[in-house]
Amino acid sequence: MAPMSGSHESVSIEPFMFELHPRLSQDCIQLGHFPLCRLLLMNENRYPWFILVPEREELSEIYQLTDEDQVQLMRESSHLSRTLSELFRADRMNIAAIGNLVPQLHLHHVVRYRGDPAWPGPIWGRFDPLPYDAPTIMEIRRKLGAAPLQHFVFFD
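Please read all numbers here as calculations on a predicted model, not as lab measurements.

## Considerations on helix H2 (residues 67-87)
Between its terminal C-alpha atoms H2 stretches 30 Å, which fits the 30 Å expected from 21 residues at 1.5 Å a residue. Turning to H2, its buried residues number three or more, namely Asp69, Gln72, Leu73, Glu76, Ser77, His79, Leu80, Ser81, Thr83 and Leu84. Buried residues belonging to H2 abut strand E3 (37-42), strand E4 (49-54), strand E5 (92-96), strand E6 (107-112) and helix H3 (134-146). Downstream of H2 by one or two residues, Arg89 has phi in the positive range, about 50°.

Next up, the structure:
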């Protein structure tokens, strides 16, 4: 059973058919999962940049999801966007499914500020990544843990 609204727990990653694309594994920190999607944190500390990846095999487009999974993806994306906007006091949320470099279906959720280094343009390809340090990652996990993220479970 999924945790109740606002509750969080840690679990081990269970082996199953889903496999995260190697580029996402390399560039991101795996935080946990919702009922449909894995939640990643892009290892780029200029922007709070999160990625939802539906845990389904061999998908590259939203329309390839079942109708039920499409609805669930929108629920998770909307809920995550609202939570991130409030937690990080966003001026704007940028949400995109591009997939030109990584064919696996994934949705970027980027918190934007009028004063960020790429504003008002897109963030892709602007700078070499500036990785997070361990204390900042822990602070982001703490913030998410205190947020009312429904049905979210952290990985160990």
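Moving on from the model shown.
## Considering the packing of aromatic side chains
A full pass over the atoms with the stated rule returns 4 aromatic pairs. Each ring, one from Trp49 and one from Trp124, has its centre 5.9 Å from the other, and the planes form 80°; the classification is edge-to-face. Highlighted residues: Trp49 in strand E4 and Trp124 in the loop between E6 and H3, separated in sequence by 75 residues. Residues Phe152 and Phe154 carry aromatic rings whose centres are separated by 4.9 Å and whose planes lie at 85° to one another, so their mutual orientation is edge-to-face. Given a relative accessible area of 0%, Phe152 falls into the buried group. One aromatic cluster is present, built from ring pairs that chain together Phe34, Phe152 and Phe154.

## Regarding the environment of Gln26
Position of Gln26 among the secondary structure elements: in helix H1 (residues 22-27). Sequence spacing of Gln26 and Asn43 is 17 residues, and the spatial spacing of their C-alpha atoms is 9.1 Å. A distance of 3.3 Å separates a polar atom in the side chain of Gln26 from a polar atom in the side chain of Asp27.

## Looking at the side chain of His108
By the element assignment, His108 lies in strand E6. Residue His108 is classed as buried on the basis of its relative accessible area, which comes to 5%. A polar contact of 2.9 Å, which involves the side chain of His108, links it to the side chain of Trp49. At 3.2 Å, the side chain of His108 and the side chain of His106 are in polar contact. Excluding residues within four positions of it along the chain, His108 makes contact with Trp49, Phe50, Ile51, Asn94, Ile95, Ala96 and Trp124.

## Quick notes on the pattern of salt bridges
If you walk through the whole model with that rule in mind, you get 7 salt bridges. Ionic pairing is found between Arg46 and Glu44, a salt bridge with its closest N-O pair at 2.8 Å. Asp116 is paired through a salt bridge with Arg112; the nearest N and O atoms lie 2.6 Å apart. For the pair Asp116 and Arg112, one class covers both residues: buried.

## Observations regarding H3
In this model H3 runs 18 Å from its N-terminal to its C-terminal C-alpha over 13 residues, within 8% of the 18 Å that 1.5 Å per residue would give. All buried positions along H3 are accounted for by Ile137, Ile140 and Leu144. Each buried residue of H3 lies within a common arc of 60° when the element is viewed along its axis, so the set occupies one face. Opposite the packed face of H3, turned more than 90 degrees from it, sit the exposed residues Ala134, Pro135, Met138 and Ala146.

Reading the values: the criteria
Residues numbered from 1 in each chain as written. Predicted model: local features only at pLDDT ≥ 70, side-chain atom pairs only at ≥ 80, totals over all residues. Heavy atoms only, no water. Helix = DSSP H or I, 4+ residues; strand = E, 2+ residues; numbered from the N terminus. Expected span 1.5 Å × (residues − 1). Buried < 20%, exposed > 50% of the residue type's maximum accessible area, 1.4 Å probe, protein only. Contact = heavy atoms within 4.5 Å. Phe/Tyr/Trp six-rings, centres within 6.5 Å; stacked < 30°, edge-to-face > 60°. Polar contact = N/O pair within 3.5 Å; in protein donor to acceptor, adjacent residues only side chain to side chain. Salt bridge = Lys/Arg side-chain N within 4 Å of Asp/Glu carboxyl O. Arc of directions from axis to C-beta.

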